[in-house]
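Chains, contacts and geometry: an overview
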Amino acid sequence: MDISELNQTIGEIEADVAAKLAVTTAIDALRGYETAIVGKKGSLGSLIASIKDYPPDQRGGVGQAINEAKQRVQAKVAERLGQLQAEHAAKEASQASTFDPTLPATPRPMGSVHPVTAVQWEIERAFERLGFTVEAGPEMEEEYNNFEALNIPPTHPARDMQDTFWLKNGMVLRTHTSPVQHRSMLKFGAPLRVIVPGRCFRYETIDASHENTFHQVEGLMIDRDISIPNLIAMARTLLAEVMQREVELRVRPGYFPFVEPGIEIDMNCQICGGSGCATCKRSGWIEILPAGMVHPNVLRAGGIDPEEYTGFAFGLGLTRLAMMKFGFRDIRVLNAGDLRALVSPRRLGGPTIPRRQEGATSTASCDSTS
Ligand code: PHE
């Protein structure tokens, strides 16, 4: 092509570039476009290769024309790039200034559980690993299940130990979770392994360590050749698991009509470490686990032959254990509906809330009366 054709081509390329730049808004596309024009194989860049086709005296002028055109194109691209970058930055800045801190947060798992529920879940998981079933029973119970079936006849003085709320329909608010021992024996027969977390009630004067409403976990294991050492081993495993450390146990004789022999398992006070404080009444020990070997009369009432099977039972003070674990000195806090008493899932050792047990009692939810 002669010089005038070349100038025309250059002019067309530059006009194209101008049109294209005006409509391009993407910064990356612009960079690619620049290469497509001025690069070695680009529409303008490739003209350089044709310089040698011109007579020697014209080559200098041709080269200069092409190079000047290249520079103009590069300057135009750079200018447009600067414009786009400025627009982009302005847009980002305006988006940042419209950030509204009052908008609701992105949904994520949140919430807390009642300390009693937290410990209940831990115990359920520990016992499930040992092959126990989690059972539930009613809070409003037959007098027979709460007392007679547990070897406490109507005139028995042991009834005084568990003064309760009598309902107009003749039923009682259960004083312990032990009636579910009887219910489970009838339901499953022997051999049997159940735990029963649940809410219990007693006609009590309320103070820092007594409530009319509290939680227990009943444990019952019936099989051939079950004896006291099984019970103590179980207690040690359970308490160490919940407290997340080795605990010291002390075993004393205890009396409950539905066990023979009956024992009281105490744990070294986790608040003072055993040196003596108000919580442990300066003794260094906390009564945590009344227990014993299931009385033959109770097995018989549950349809189980005491000649063939033996079993142990315990009635863990769940509320008391939760107080120990989380360091509450006053039991009333747990029923006061004070949100500050709730346990963050993180304090339970992980961000996930443990799954609710199917069939577990519904009484230990996060409500303020539990
Ligand atoms: N039910 C008894 C109470 O509440 C505790 C207990 C349970 C004792 C099982 C022995 C065996 O006091």
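A brief structural summary. (Residues numbered from 1 in each chain as written. Predicted model: local features only at pLDDT ≥ 70, side-chain atom pairs only at ≥ 80, totals over all residues. Heavy atoms only, no water.)

1. Regarding the overall build of the chain
What the chain contains, in helices and strands, is nine helices and nine strands. Taking 370 residues into account, the globule formula puts the C-alpha radius of gyration at 21 Å, and the chain, at 41 Å, lies well above it. Expressed as lengths along the three principal axes of its C-alpha atoms, the size of the chain is roughly 130 × 45 × 45 Å. Of all 370 residues assigned to the chain, the portion counted as buried reaches 44%. In the form shown here, the chain has an accessible surface area of approximately 19300 Å², with 53% of it arising from carbon and sulfur atoms. Separation between the mean location of the 39 positive side-chain charges and that of the 45 negative ones in the chain comes to 4 Å. (Helix = DSSP H or I, 4+ residues; strand = E, 2+ residues; numbered from the N terminus. Rg over C-alpha atoms; globule rule 2.2 N^0.38 Å. Buried < 20%, exposed > 50% of the residue type's maximum accessible area, 1.4 Å probe, protein only. Areas by Shrake-Rupley, 256 points an atom, 1.4 Å probe, with all protein chains shown as cover. Lys, Arg positive; Asp, Glu negative; His and termini not counted. Charge placed at Lys NZ, Arg CZ, Asp CG, Glu CD.)

2. Examining the sheet that holds strand 6 (residues 249-253)
Strand order in the open sheet formed by seven strands is 1-4-5-9-8-7-6, and the pairing between neighbours is mixed. At either margin of the open sheet sits one strand with a lone partner, and together these are strand 1 (133-134) and strand 6. Sheet analysis places strand 6 next to strand 7 (residues 259-268), joined by five bridges and oriented antiparallel. Across the sheet, the residue bridging to V251 is I265, located in strand 7. Lying over the sheet, helix 6 (residues 179-188) contacts strand 4 (192-201), strand 5 (213-223), strand 8 (285-294) and strand 9 (310-317), oriented at roughly 145° with respect to strand 4. In this fold helix 7 (residues 228-243) packs onto strand 5, strand 6, strand 7, strand 8 and strand 9, with an angle of close to 30° to the strand it touches most, strand 9. (Pairing = 2+ DSSP bridges. Contact = heavy atoms within 4.5 Å. Axes fitted to C-alpha atoms, helices over the stretch in contact; angles between N-to-C directions.)

3. Looking at the site of the ligand
The full set close to the ligand counts 15 residues, and H176, S178, R202, Q216 and G315 are the nearest of them. Contacts to the ligand include Q162, whose side-chain N or O atom sits 3.5 Å from an oxygen atom. Taking Q216, its side chain carries an N or O atom lying 2.8 Å from an oxygen atom of the ligand. Protein chains bury 95% of the 320 Å² of accessible surface belonging to the ligand in isolation. Contributing elements (two or more residues each) for the shell around the ligand: strand 5, strand 8 and strand 9. Examining the composition of the shell around the ligand, we find that three residues originate from one element, strand 9, more than from any other. (Near = heavy atom within 4 Å. Polar contact = N/O pair within 3.5 Å; in protein donor to acceptor, adjacent residues only side chain to side chain.)

4. Let's talk about empty space enclosed by the protein
Per the stated rule, a full pass over the model turns up one cavity of 30 Å³ or more. In this model, the largest cavity occupies a volume close to 40 Å³. Taken together, I152, A158, M161, Q162, F256, P257 and F258 make up the full set of residues lining the largest cavity. (1 Å grid on protein atoms, 1.4 Å probe; cavity = no way out; pocket = protein on both sides within 12 Å on 5 of 7 lines; lining within 4 Å. Points joined across faces, edges and corners; volume = space filled by probe spheres on them.)

5. Side note on the pattern of salt bridges
With the rule as written, the count across this model stands at 15 salt bridges. A salt bridge links E287 to R252; the nearest nitrogen and oxygen atoms lie 3.9 Å apart. In this pair, E287 sits in strand 8 while R252 sits in strand 6, placing the two residues 35 residues apart along the sequence. A relative accessible area of 42% places E287 in the partly exposed class. By relative accessible area, which is 26% here, R252 ends up partly exposed. The network of salt bridges with shared partners includes R250, R252, D266 and E287. (Salt bridge = Lys/Arg side-chain N within 4 Å of Asp/Glu carboxyl O.)

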